[in-house]
Amino acid sequence: MNLSTIDARPTPSRRHPTATDERRWTQLVLIAIAVLFLMGFLLLPLIAVFDEALRHGWTLYREAITSPDALAAIRLTLLTAGIAVPMNLLFGVAAAWAITKFTFPGKALLVSLIDLPFSVSPVVAGLSFILIFGRHGWFGPWLFDHDIRIVFAMPGIVIATVFVTFPFIARELIPLMQEQGTDHEQAALTLGASGWQTFWRVTLPNIKWGLLYGVLLCTARAMGEFGAVSVVSGHIRGETNTMPLHVEILYNEYAFSAAFAVASLLAVFALVTLGLKTYLEWRHGDELAATRRH
Amino acid sequence: MDIQIRKLHKSFGDFNALAGVDLDIASGELIALLGPSGSGKTTLLRCIAGLEFPDRGEIRFDGEDVAERPVRERRVGFVFQHYALFRHMSVLDNVAFGLRVRERRERQPEALIRQRARELIELVQLAGLEKRYPSQLSGGQKQRVALARALAIEPRVLLLDEPFGALDARVRKDLRQWLRELHRRTGYSTLFVTHDQEEALELADRVVIMNHGAIEQIGSVDEVYERPASPFVFDFLGDTNVLRAQVHERRVQFDGADIAVLDGRIHPDGAADVHVRPGDLRLGDGGIGLDVVVQSLQRTGPVVRAVVQTSGSKAPVRVEWPHLHHDVPALRPGAQLRLRLLQFSLYTPQSRPPTSSLGAPILIGQERRRDHA
Amino acid sequence: MSAIAQPRRRSRSIIPGFNLSLGFTLLYLSLIVLIPLSAIFIESAKLGWHGFLDTVLAPRVLAALRLSFGAALIGATINAVFGTLVAWVLVRYRFAGKRLFDALIDLPFALPTAVAGIALTTLYATNGWIGAWLAGAGIKVAYTPLGVIVACTFIGLPFVVRTVQPVLEDTEKEFEEAAASLGATRLQTVLRVIVPTVLPAIVTGFTLAFARAAGEYGSIIFIAGNMPMVSEIAPLLIVIKLEEFDYAGASAVAVAMLSLSLSLLLAINGLQLWMRRRHGAAR
């Protein structure tokens, strides 16, 4: 193809950019910068994960992800997310209900406290649970006497995960329910519905996509949490190792291919999450718009 | 500055926004672009401004073709429908914006710019509000700031897109008179877009009526109102009754009876649509007219409105008389009246097949009679 | 607490569930967040004021705090610039692969930090795809403070893009047309009209990106190299002190981190409030 055919413009009259467009070459330069930036920070790291994982072939890959330790890690990760997400779902709905349907003093403070875990380092979160439940912590001796293990065991991992993913669902629901107001609920109540009936039949159908969106983000974060879980887990192989921790151990043992193999599973989860998220935004964008504009 | 527009075409995809527009604007004129939404009036305004570029055609400012010049080089004062005031700038900064973005060698010193901005703010009667931000102004005040901002660059032409569209009725009336006065004092060539015929007729020297991307009629207020060039213009400028009639040897026949006689210009024999305004129907005095039966009545303060039915084909016709008009007592439901057509327009219908076997008259004939009662 | 639980008479709502939902919210918030975090303050108090200062002002701790917060600030700044650019390109231009990149923006939210960490390390190591190329130019990224900045940029990337994007989508083109009709060049329009309009969103995104990056651990420890005084971040120092069973010392570092990021967040929020007041943005 010769260059002149590329240059041919469909509308010959537009020799000048309109008032709100840059010249095409300015656009191209800006697009190039943006694409390079996103390549360097997002696309290439993602590709690198799969590249490293498959570097030594499928057999090693399959071995790495089906080793007993890896399977235990996968099981623990799914279990942790399976407990932490419903807990935060319950909390998110209750908090959003209280905050959006009522006025009470201290509401602004409550909203910012819900956001607090966003600005706390996961390691600090892990530390706080060690201080409370650890061997030398507040309840440590009592727990030890009764042979209850929280830290360096699954309960600690779950609690740490709950802390880190704490705001996700509430954050999605609050703006959404704020925008919808209380008219529907009041209408249902005047028609004789009970409080629970109102919630299940009126409120929930209106927020279901926002709820799902929040659950999606919460799940992704719950499965991937590293810092907080790392502090409370004790890194016991096959027992208290989640997938991210397993990745770390393998990596530090220079088992790079195995590390990247497990990492690639997590990356696939992440891509599925992104796909579902994009689908939700495309399909139910109207409802989610409130959330995006927060 | 005068503006000549020749054969302007602009389409957006399949939609023809402008289909060959010709228009001349004399220096200092105040012109209204009037038409329904989608008629191309805003596109025409934006093409003149340089916010859109026409596909074909010429736009000449004082003879110079500017159709390809970008907006920032055209020096047009454009007032946006929703004002587009910069929210993060005070009133003074908004007005001074156009002076501050000039190239260094043309830019005045800051002190002069501020002084000029203050003068303009005074001109639009907002002195004292220089430090306010747009969010702290009323709709009418925002409109004035937008105007002052546009005037600051000493535009060659002032273009206003639906200037009163976003204001409530009272502010709108005040601002109209004020704009008329401002135009008289500053003498800028001014074009404004509106879909409100009352606004156009009250404010403009000349009215340009547009439909489907083309100009239907250009003329003074009297010209377009008294001699509408097309049924569209007639209908657009006010309430209209349309009677599907026939013309036969200068007599206008409806339901087989003569309802009017043409004594001025000739209209070809055959099908003709009579367009008549509700207020131009009066009680007959024994002469020919339209026989009707009064159906319903509605009294609304200054006017009395009635719906009547023609005796033959039962077509509904609206009439409207001033409250104290001497014809009003006759308006009772069930009353049989003969209405004289005070003034009306005749148009050869385009959609109906011609009834004359002698070949269809293609011209849109026009006959306008006026009886002074 | 009882003052919160009782709705005032005049604002009483007919909607049920106030006591249940608020009670549960407060209980859960206290158990999961407030009580554990207060444990850190109580633990660090064991050191006494002097002990606390000695711990926090130790050169190694100071270096770690400086790195964590410095890299987070630089990363957030990079994101403020490039994130805004990316948002602009995604909103205004059409190009091949746009939808893919748009969906990919949220990758740092979704990808576990440990995975991000090892991927970035591989990529930016001297034998990695990008690292090798930069090494040719004499720039070493992995296992240096530069690597920490890279990780901070990665982790904060979605915040600026996702806060600026909707604002740009909502911004009427009229403002740009107005500026152009008044004679402004495109660059003047961008700098004087568009940037001030989206600035609050940029600041919000910057703040979120900074807060996230300052406490980040997983994606940084792999790429940082973790050399004391050079490339050791504050959260890692907490982990090290924990492994030495120095709970009070770990808590002191944690308190320093919490106070630093909260005061920075408050300062930025105050700045934003001031900006909004100034423009009387009562729209």
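Since the structure is predicted, the reported quantities are computational estimates derived from the model, not experimental observations.

Engineer: Is there a simple way to explain the overall build of chain C in this structure?
Structural biologist: When helices and strands are tallied, chain C shows 14 helices and 0 strands. Each helix (α) and strand (β) of chain C, taken in turn from the N terminus, gives the series α-α-α-α-α-α-α-α-α-α-α-α-α-α. Here the C-alpha coordinates of chain C stretch approximately 70 × 65 × 35 Å along the principal axes. Every one of the 283 residues in chain C was classed for burial, and the buried ones make up 58%. Sequence-distant contacts in chain C: of pairs separated by 6 or more residues, those separated by 24 or more amount to 72%.

Engineer: Whenever I open this one, the interface of chain C and chain A confuses me. Can you help?
Structural biologist: By a frequent convention, interface size equals the accessible area lost on bringing the separate parts together. Of the residues lining the interface, 99 residues belong to chain C; the matching set on chain A comes to 95 residues. Interface of chain C and chain A: buried area, both sides summed, is about 8,500 Å²; carbon and sulfur atoms make up 78% of it. Three residues, Ile15(C), Tyr28(C) and Tyr93(C), lead the burial of chain C against chain A; their summed loss comes to 8% of the area buried on that side. Summed over the shared surface of chain C and chain A, the number is 2 salt bridges.

Engineer: Any chance you could explain the UniProt feature "transmembrane region" (unreviewed entry) in chain C here in plain terms?
Structural biologist: All names here are of chain C. Within this numbering scheme, the UniProt entry marks residues 20-42, 62-91, 103-125, 137-161, 217-240 and 247-268 as carrying the feature "transmembrane region" (unreviewed entry). Across residues 137-161 one finds 68% helix and 0% strand; the C-alpha atoms that close the span lie 30 Å apart. Taken end to end, residues 247-268 comprises 100% helix and 0% strand; its first and last C-alpha atoms sit 31 Å apart.

Engineer: When you look at the UniProt feature "transmembrane region" (unreviewed entry) in chain A in this model, what are you seeing that I'm missing?
Structural biologist: Residues and elements named next belong to chain A. Within this structure's numbering, the places UniProt gives as "transmembrane region" (unreviewed entry) are residues 28-50, 70-97, 109-133, 148-170, 211-234 and 254-276. Counting secondary structure, residues 70-97 comes out at 100% helix and 0% strand; the distance between its end C-alpha atoms is 40 Å. End C-alpha atoms of residues 211-234 are separated by 33 Å, and the span's content is 88% helix alongside 0% strand.

Engineer: Is there a simple way to explain unusual backbone geometry in this structure?
Structural biologist: With glycine set apart, most residues show a phi of negative sign, and most peptide bonds adopt trans. Residues and elements named next belong to chain B. Phi is positive for Lys7, close to 50°, though the residue is something other than glycine. Along the chain, the position of Lys7 falls in strand β1 (residues 3-12). Residue Lys314 is not a glycine yet carries a positive backbone phi of 60°. Of note, Lys314 is situated in the loop between β17 (303-310) and β18 (316-322).

Engineer: I'm lost on the packing of helix α2 (residues 24-53) of chain A against helix α9 (residues 145-170) of chain C in this one. Help?
Structural biologist: Pairs of packed helices are described in terms of their axes, by the angle between the two and the distance that separates them. Look at α2(A) against α9(C): their axes get within 10 Å of each other, and the N-to-C directions meet at 100°. It follows that α2(A) is roughly perpendicular to α9(C) by the angle criterion. Contact with α2(A), carried on its side by Phe37(A), Leu38(A), Phe41(A) and Leu42(A), involves Val150(C), Thr153(C), Phe154(C) and Leu157(C) of α9(C) and no other residues of that element. Tallied by class, residues from the contact of α2(A) with α9(C) come to 7 nonpolar, 1 polar and no charged.

Engineer: I tried to follow the packing of aromatic side chains on my own but got confused; where do I start?
Structural biologist: Any aromatic ring pair is given by two values, namely how distant the centres are and how the planes are angled relative to each other. Considering all chains together, one arrives at 29 aromatic pairs over all chains under this definition. With a centroid separation of 5.7 Å and an interplanar angle of 15°, the aromatic rings of Phe166(A) and Tyr28(C) are classed as stacked. With Phe166(A) in the loop between α8 (154-164) and α9 (168-180) and Tyr28(C) in helix α2 (residues 18-45), this pair bridges two chains. When the ring centre of Trp178(B) is taken as reference, the NZ or CZ atom of Arg144(B) above it lies at 4.7 Å. Over the ring of Phe234(B) we find Arg277(B), and its NZ or CZ is 4.1 Å from the ring centre.

Engineer: Would you mind going over helix α5 (residues 107-115) of chain A with me for this structure?
Structural biologist: Helical geometry: 3.6 residues make up each α-helical turn, so side chains three or four residues apart lie on a common side. Within α5(A) the residues assigned to the buried category are Lys107(A), Leu110(A), Ile114(A) and Asp115(A). Burial along α5(A) is one-sided: seen end-on, the buried residues are contained in an arc of 140°. Exposed positions of α5(A) whose direction lies more than 90 degrees from the buried face are Ala108(A) and Leu109(A). On its buried side, α5(A) packs onto α4 (68-101) and α9 of chain A together with α2 of chain C.

Engineer: In this structure, what is going on with helix α5 (residues 139-152) of chain B? I would like to understand it.
Structural biologist: With 14 residues, α5(B) should reach 20 Å at 1.5 Å per residue; the first-to-last C-alpha distance of 20 Å fits that figure. Counting buried positions over the 14 residues of α5(B) gives 11, a clear majority of the element. Of the residues making up α5(B), those classed as buried are Gly140(B), Gln143(B), Arg144(B), Val145(B), Ala146(B), Leu147(B), Ala148(B), Arg149(B), Ala150(B), Leu151(B) and Ala152(B). The elements touched by buried residues of α5(B) are β6 (76-79), α3 (91-100), α4 (110-123), β7 (157-161) and α6 (169-186) of chain B together with α10 (174-181) of chain C. A positive backbone phi angle near 45° is found at Glu154(B), which sits one or two residues after α5(B).

Engineer: Help me understand the interface of chain C and chain B, please; the structure alone is not making it clear to me.
Structural biologist: Contact residues are listed per partner, giving 22 residues for chain C and 26 residues for chain B. For the pairing of chain C and chain B, the buried interface totals around 2,200 Å² over both sides, and the portion due to carbon and sulfur atoms is 60%. The largest per-residue losses of area from chain C upon contact with chain B belong to Phe175(C), Ser181(C) and Leu182(C), which jointly make up 28% of the total buried on that side. Run the count over chain C and chain B and you get 1 salt bridge. When the shortest N-O distance is used, the salt bridge between Glu177(C) and Arg46(B) registers 2.5 Å. Our count for the contact surface shared by chain C and chain B stands at 5 residue pairs in polar contact (both at pLDDT 80 or more). Broken down by secondary-structure element, the contributors of at least two residues to the side of chain C that touches chain B are α10 and α11 (186-214) of chain C.

Engineer: Please explain a nonpolar patch on the surface as it appears in this structure.
Structural biologist: Together, Trp138(A), Phe139(A), Leu27(C), Leu31(C), Ile35(C) and Ile42(C) make up an exposed nonpolar region whose accessible area comes to about 580 Å². Checked against the element boundaries, Ile35(C) lands in helix α2. Of the residues examined, Ile35(C) reaches a relative accessible area of 36% and is grouped as partly exposed.

Engineer: What is the right way to look at the side chain of Asn88(A) in this model?
Structural biologist: Within the fold, Asn88(A) resides in helix α4. Polar contacts involving the side chain of Asn88(A) include one to the main-chain carbonyl oxygen of Val162(A), which spans 3.4 Å. When sequence neighbours within four positions are dropped, the list of residues in contact with Asn88(A) reads Val162(A), Thr165(A), Phe166(A), Ile169(A), Cys218(A) and Tyr28(C).

Engineer: Looking at this model, I keep getting lost on the nonpolar core. Mind explaining?
Structural biologist: General note: in soluble globular proteins, nonpolar side chains tend to be found buried as a group. Counting residues in each nonpolar core, the largest one holds 188 residues, and the members touching the most others are Val124(A), Phe163(A), Tyr124(C) and Ile238(C). Among the elements that make up this core, the one with the highest residue count is helix α4 (residues 59-92) of chain C (15 residues). Apart from the residues lying within four places of it in its own chain, the contact partners of Ile238(C) are Val123(A), Val124(A), Leu127(A), Ala250(C), Val253(C), Ala254(C) and Met257(C).

Engineer: So what exactly am I meant to see when it comes to the environment of Gly139(B) here?
Structural biologist: Residue and element names in this part refer to chain B. Of note, Gly139 is situated in helix α5. Judged by its relative accessible area of 29%, Gly139 falls in the partly exposed class. Sequence separation between Gly139 and Ala166 is 27 residues; the distance between their C-alpha atoms is 7.5 Å. In this structure Gly139 touches Tyr83 and Leu167, once residues within four positions along its chain are discounted.

Engineer: Explanation requested: the sheet that holds β18(B) in the structure shown.
Structural biologist: In sheet architecture, strand pairing relies on hydrogen bonds along the backbone and comes in two forms, parallel and antiparallel. All names here are of chain B. As summarised here, the arrangement of the 5 strands in space is β15-β19-β16-β17-β18, forming an open sheet in which the pairing is antiparallel. Single-partner strands in this sheet number two, and they are β15 (281-283) and β18. Across the sheet, the mean angle from the axis of one strand to that of its neighbour is 50°, orientation sign disregarded. With 7 bridges connecting them, β17 and β18 associate as antiparallel partners. Bridge pairing in β18 places Val307 opposite Arg318.

Engineer: Looking at this model, I keep getting lost on the UniProt feature "domain: ABC transmembrane type-1" (unreviewed entry) in chain C. Mind explaining?
Structural biologist: With numbering matched to this structure, UniProt assigns "domain: ABC transmembrane type-1" (unreviewed entry) to residues 65-266 of chain C. Its end C-alpha atoms 18 Å apart, residues 65-266 of chain C is made of 79% helix and 0% strand.

Engineer: Looking at this structure, how should I read the confidence of the model for chain A?
Structural biologist: In regions of low pLDDT, the predicted coordinates are not meant to be interpreted in detail. Looking at chain A as a whole, its pLDDT mean stands at 85, while 90% of the residues score no less than 70. Within the model, the stretch residues 1-14 of chain A combines pLDDT values under 50 with 6 contacts to residues more than four positions away or in other chains.

Engineer: Would you explain the sheet that holds strand β9 (residues 206-211) of chain B in this entry?
Structural biologist: All names here are of chain B. One open sheet accounts for 6 strands, arranged β6-β7-β8-β3-β9-β10; its pairing is mixed. Single-partner strands in this sheet number two, and they are β6 and β10 (214-220). Across the sheet, the mean angle from the axis of one strand to that of its neighbour is 15°, orientation sign disregarded. Taken together, the 5 bridges between strand β3 (residues 30-34) and strand β8 (residues 189-194) define a ladder with parallel strand orientation. Across the sheet, the residue bridging to Ile31 is Leu191, located in β8. With respect to the sheet, α5 is in contact with β6 and β7, its orientation differing from that of β6 by roughly 170°.

Analysis parameters
Residues numbered from 1 in each chain as written. Chains lettered and ligands numbered in written order. Predicted model: local features only at pLDDT ≥ 70, side-chain atom pairs only at ≥ 80, totals over all residues. Heavy atoms only, no water. Helix = DSSP H or I, 4+ residues; strand = E, 2+ residues; numbered from the N terminus. Buried < 20%, exposed > 50% of the residue type's maximum accessible area, 1.4 Å probe, protein only. Contact = heavy atoms within 4.5 Å. Buried area = accessible area lost by both parts, 1.4 Å probe. Salt bridge = Lys/Arg side-chain N within 4 Å of Asp/Glu carboxyl O. UniProt positions renumbered as here; feature names shortened; annotations may be inferred. Axes fitted to C-alpha atoms, helices over the stretch in contact; angles between N-to-C directions. Parallel < 35°, antiparallel > 145°, perpendicular 65-115°, else oblique. Nonpolar A, V, L, I, M, F, W, Y, C, P; charged D, E, K, R; others polar. Phe/Tyr/Trp six-rings, centres within 6.5 Å; stacked < 30°, edge-to-face > 60°. Lys NZ or Arg CZ within 6 Å of the ring centre and 35° of its normal. Arc of directions from axis to C-beta. Expected span 1.5 Å × (residues − 1). Polar contact = N/O pair within 3.5 Å; in protein donor to acceptor, adjacent residues only side chain to side chain. Patch = residues over 30% accessible without salt bridge, like charges linked within 9 Å, V, L, I, M, F, W, Y side chains within 5 Å. Areas by Shrake-Rupley, 256 points an atom, 1.4 Å probe, with all protein chains shown as cover. Core = buried A, V, L, I, M, F, W, Y, C linked by side-chain atoms within 4.5 Å. Pairing = 2+ DSSP bridges. pLDDT = per-residue confidence, 0-100.

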